[in-house]
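Close look at the chain arrangement
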Amino acid sequence: MKKLLILNALFFFLISTAQEFKLEKITIADLEQKEHETDKNANATILYKRQHVYYEFDQNKGQFVQIKDIIFRIKIYKQEGFSYAESTEYLYRIPTNSEFISRVDGVTYNIENGKIVETKLKKDQVFENKISENTTEVKFTMPNLKPGCIIEYRYKVTSPFSQNIDEILCQYSIPLNVLDIKISIPEYYVFRPNIKGYLPLNLKKYASQGKITYTGFENSGSSKAKAYKEEIPYINNVYEIISRNIPSLEEEPYVTNMDNYRSSYSMELQSTKFPGGNFNNYAQSWEDVAKSIFFREDFGKELKKTGYFENELNLILSEGTSQQEKLVKILEFCKQKVKWNEKNGFTCKTGVKEAYKLGSGNTAEVNLNLINMLNASGFDANPVLVSTQKHGIPLFPTRDGFNYVVASVTLPNGMVLLDATDPFSTVNMLPERALNWKGRLIKKNGDNEEISLFVTTPSQDNGFVSFTLDSNAKLTGKFRRQLTNYKAKRFRENFIGKSKENWLDELENNYKNLSLDNYEVTNDKEIYQPINETYSFSADQSADIVGNSILFKPLFFQTTKSNPFVSETRAFPIDFIYPTKSKYSYTINIPDGYSIETIPTSINIGLPDNMGSYKYVIQKAEKSIQIMVQYEILVSYIAQTEYEAVKDFFKQIVDKENEQVVLKKL
């Protein structure tokens, strides 16, 4: 009783800053609206999004269940916006516990004959599809869609998995007028809130009262059982965001994953402490995260397994093999023995031995096999947890922020990273999907270390092109180039598996009006060697004949045609993924009977802090023009604060390469 009085007194003094938002009735004026007030190009607008998450105590289960209450109201201006009338929810179901969806209601509003007509979503328009052993997809599309309509739908998801709160999106590719988020969490759970993205979201925290109610019948010894009701109060920690006029997330070039910058709200479970139960700590520091992951049965235990690959592996390793050669052989052996099944994960599904036996596995089963092979061969190898580009960036200690694992090897001259899931990856050249800012190396004793995933070695594209132009503006010539590192890897990914005919068709389509001949590629399957590409080419009408003059852009089909950076401002960093160096030499043989009247001037420009440079050197002789073009981006990543410099840098490149040479008839 004393405890109840103290709690009641505490609730009496709690101050709530909740903001109630009431959804107004839809009017004819709303339906007649043709475009968004500030974003005229938007094909739809989210007028209102509500996502409330709260907990209820399930007396039958003896545990809390989590309720997610969703409401969307969306205005669709154009047919292209119909995709926003689709909704998909994924439910996790296991034999002992399942999530379920309820109260699926929806209405589409249109104007017909000057009146508002409502079309309701029917039960048979809500579909359930089992997409994996434990995951069911619930999907529906709102009916009677027309440009100008407004749709509104609502549903609830009840989950027994109360320790997980789904990430809540706060920004879309269309404007969002009103965002209403409220998460009420019983005091027995401690979550850490995290706001991602560049938009300011006003998060408020306050407390409210909750209670656990028990009802039943007790046998008092008489013929009739006596009904009873017991209530246990507790405190809810409430997190609330009410935000208005959220702009659409505009796609920008050189961003590997826009979702990394999309505003969202998420919560990471830190600990639980239920009445009469033990305190459970889940993730307070990177050390906690590393230990909790390493000591999992489907992770750390898998790194102790041996005796299933040694005989085959030893056959390919000779005593005279150097450490570098041995490293390459083990990586290539693992690639051949355990193929990637294109499923990500840092934990094993079937286990390393079973994956080795079957010849395929997920990311963890492939690369934990690789780590086991490396350690058995005398290397110091450890796992590095990674979040792929599509998965986002773990900005704080989290168990859920990773979905991938690669291998690290400590050598006398430093650490290298390896990934056996990609047939074209090599030592210290991971697949691009894994190049996502930072990884987390973890060791057996729980030690952990942040590992940079930024590429520092430039990938090169160097070549020589000879052009011969005749008096009828026909162009012929020869092209050869060499590609290294990621440039070569990208080429192989696009080239291997295609017929030569289809590949040449693609090239000729890219270089309009260009015909290719004598095409040859060497080292396409030798992934530790550079790619060499050569061909002859010809094209009609490659220059403009104006009276007695011939005008042309001196780089012809290799001219940089447009600047990828045209926006006035930039909200996000520029991600080139890897540094690049390119150097090309060009020789232009001019037609007989013509002289060189004017040529562009040479330039040499650079980005701040030696991040990049561009050099264009042009010289003329009696019957030819020599050009050297050198381009370098020496960093993988440039902050948005340098956007103006980058924008101007590329503008100068485009302007220079589009200047013309003028030949005059003698």
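Computed from a predicted structure; not experimentally measured.

Parameters and conventions
Residues numbered from 1 in each chain as written. Predicted model: local features only at pLDDT ≥ 70, side-chain atom pairs only at ≥ 80, totals over all residues. Heavy atoms only, no water. Buried < 20%, exposed > 50% of the residue type's maximum accessible area, 1.4 Å probe, protein only. Helix = DSSP H or I, 4+ residues; strand = E, 2+ residues; numbered from the N terminus. Pairing = 2+ DSSP bridges. Axes fitted to C-alpha atoms, helices over the stretch in contact; angles between N-to-C directions. Left-handed = near helix turned anticlockwise from the far one by under 90°. Contact = heavy atoms within 4.5 Å. Nonpolar A, V, L, I, M, F, W, Y, C, P; charged D, E, K, R; others polar. Phe/Tyr/Trp six-rings, centres within 6.5 Å; stacked < 30°, edge-to-face > 60°. Lys NZ or Arg CZ within 6 Å of the ring centre and 35° of its normal.

By the criterion of burial, strand S1 (residues 44-58) is predominantly enclosed, with 11 of the 15 residues buried. The pairing of S1 with strand S2 (residues 63-76) spans 14 bridges and is classified as antiparallel. Its bridge partner lying in S2, Tyr48 is registered against Arg73. Here S1 hands over to S2 after four residues, with Gly62 in that stretch at a positive phi of 70 degrees. Strand direction decides the pairing type here: S1 and strand S11 (residues 176-186), joined by six bridges, are parallel.

Quick look at the packing of helix H5 (residues 323-337) against helix H7 (residues 363-376) now. It is at 10 Å that the axes of H5 and H7 come closest, and there the two elements cross at 145 degrees. Pair H5 / H7 crosses with right-handed handedness. Along the contact surface, H5 presents Leu327, Ile330, Leu331, Phe333 and Cys334, while H7 presents Val366, Asn369, Leu370, Met373 and Leu374. Grouping the constituent residues of the contact of H5 with H7 by class yields nine nonpolar, one polar and no charged.

Attention shifts here to the packing of aromatic side chains. What the rule picks out here adds up to 51 aromatic pairs. Measuring from ring centre to ring centre gives 5.9 Å for Phe64 and Tyr188, while their planes differ by 40 degrees; the resulting arrangement is tilted. Note that Phe64 is positioned in strand S2 and Tyr188 in the loop between S11 and strand S12 (189-196), a separation of 124 residues in sequence. An identical accessibility class is assigned to Phe64 and Tyr188; each is buried. A ring pair is formed by Phe467 and Phe556, whose centres lie 4.7 Å apart and whose planes are at 50 degrees; its orientation type is tilted. Taken together, the positions of Phe467 in strand S24 (residues 459-469) and Phe556 in the loop between strand S29 (549-552) and strand S30 (574-575) put the pair 89 residues apart, joining distant regions of the chain. Accessibility expressed as a relative area gives 0% for Phe467, which makes it buried. Here Phe556 falls in the buried class, since its relative accessible area comes to 10%. Among the aromatic residues, those joined into a cluster by ring pairs are Phe467, Phe479, Tyr511, Tyr519, Tyr535, Phe537, Phe552, Phe556, Phe557, Tyr584 and Tyr586. When the ring centre of Trp286 is taken as origin, the NZ or CZ atom of Arg440, which lies over that ring, is 4.2 Å away.

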